[in-house]
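# Residue-level structural notes
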Amino acid sequence: MKTYDLVGIGNAVVDVITHADDAFLDTMEIEKGIMQLIAQDRAEQLYGEMKDRLQTPGGAVANTIAGVGALGLKTAFIGRVRDDGLGRFYADAMTNNDIDFVNPPVADDDRPTSRSMIFVTPDGERSMNTYLGISTGLSSADVPGDVAGNAKIMFLEGYLFDEDAGKTAFREAARAAKAGGGMAGITISDPFCVERHRADFLQMIEHELDFVIGNEAEIKSLFQTDDLEAAMLNTAAICPVMVCTRGADGVTLIRGAERVDIAASARIMPVDATGAGDQFAAGFIYGMATGRDLETCGRMGNLCGSEVISHIGPRPQKDMMEEFRKAGLV
């Protein structure tokens, strides 16, 4: 029976990335800088308009898993893909990255594999249009007990909160990991997701989880306030570890009475912001999994997040362990 340093549960999404200008976004009525959920016909329309597509396995937590795996830890990912071209591409890509993709592609479901059409503008901002397809069907049946129960860290994706079966699967997976001596945490994913499910988010953060990662908008949304400081303190009061990524303002980490504010890495002109939060989480979780102190965890996260915005695509291209060495973190 395998023991995993990190197991993630999330949407198994094929990211399809292209460049576009603001005029194109306006013409196609794409709202800039956010993730929008779209229907299948809209997905097909936008896909048809894309030029020079870069296709990569994505999904927020899957990107984090890939980042942690690239740092040498043992990882697994739980997510649903259909037995179609994109689904097989996704499963093979994860496996080829030494990630245990524990759910075989599903044949008896009409919904296609999830895909996100991502339009990157010259300022590096990404506008994501996501068709969730088969991912929305994730349930407890997709979470093998021997995988969840042997996770040192279980990491959950807030987007899956939109389905009751997903919430149940999360709770069961978190409990299984903790019963096996591990810990569990969540990436909030999206402030709109919080708006839809605030009570469930707060309940799970307070009663089921050991750490929570969110950006400013997400943390503020938890407590319906524009006061970031209050929102961070309120979140830290109900969860052992609170992490708030703040873009150019760096990151704040709070664990009990301990607080660390870390400035952003040297200013990098973003080529593509896709995956910045996902790779921050990878560095942070790697730090936790290897017993680093809170500040080192945050600095590892910053380095990973900074690297991924320097190129197209949501996963690291540099050897991040070497980058950690250069920064004196390992």
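In what follows, the accompanying structure is described. On a predicted model such as this, the values are computed, not experimentally measured, just so you know.

Rules of the game
Residues numbered from 1 in each chain as written. Predicted model: local features only at pLDDT ≥ 70, side-chain atom pairs only at ≥ 80, totals over all residues. Heavy atoms only, no water. Helix = DSSP H or I, 4+ residues; strand = E, 2+ residues; numbered from the N terminus. Buried < 20%, exposed > 50% of the residue type's maximum accessible area, 1.4 Å probe, protein only. Contact = heavy atoms within 4.5 Å. Areas by Shrake-Rupley, 256 points an atom, 1.4 Å probe, with all protein chains shown as cover. Lys, Arg positive; Asp, Glu negative; His and termini not counted. Charge placed at Lys NZ, Arg CZ, Asp CG, Glu CD. Pairing = 2+ DSSP bridges. Axes fitted to C-alpha atoms, helices over the stretch in contact; angles between N-to-C directions.

Glancing now at the overall build of the protein chain. Across its full length, the protein chain carries 12 helices and 14 strands. Overall, the protein chain is about 50 × 45 × 40 Å in size when its C-alpha atoms are taken along their principal axes. Looking at the protein chain residue by residue over its 330 residues, the buried ones come to 56%. In the protein chain, 73% of the contacts between residues at least 6 apart in sequence involve partners at least 24 apart. When the accessible surface of the protein chain is totalled, it reaches about 13200 Å², and 47% of it is carbon and sulfur. Separation between the mean location of the 30 positive side-chain charges and that of the 50 negative ones in the protein chain comes to 3 Å.

Neighbouring strands of a sheet are bound in pairs by backbone hydrogen bonds; such pairs are parallel or else antiparallel. Taken together, the 9 strands give an open sheet; going across it, the order is E6-E5-E1-E9-E10-E11-E12-E13-E14, and neighbouring strands pair in mixed fashion. This sheet does not close on itself; its edge strands, each paired only once, are strand E6 (100–101) and strand E14 (258–262). Taken strand by strand, helix H3 (residues 60–70) contacts strand E1 (6–9), strand E5 (75–78), strand E9 (153–157) and strand E10 (183–187), and its axis lies near 170° from that of E5.

The next thing to look at is the pairing of E1. Covered by surrounding structure in E1 are Leu6 and Gly8 together with Val7 and Ile9, the residues of both alternating faces. In this sheet, E5 lies alongside E1 in parallel orientation, the contact comprising 4 bridges. The partner of Ile9 across the bridge, within E5, is Ile78. Summarising the sheet, E1 and E9 pair through 3 bridges and their orientation is parallel. Each residue of the ladder has a partner; that of Val7, found in E9, is Met154.

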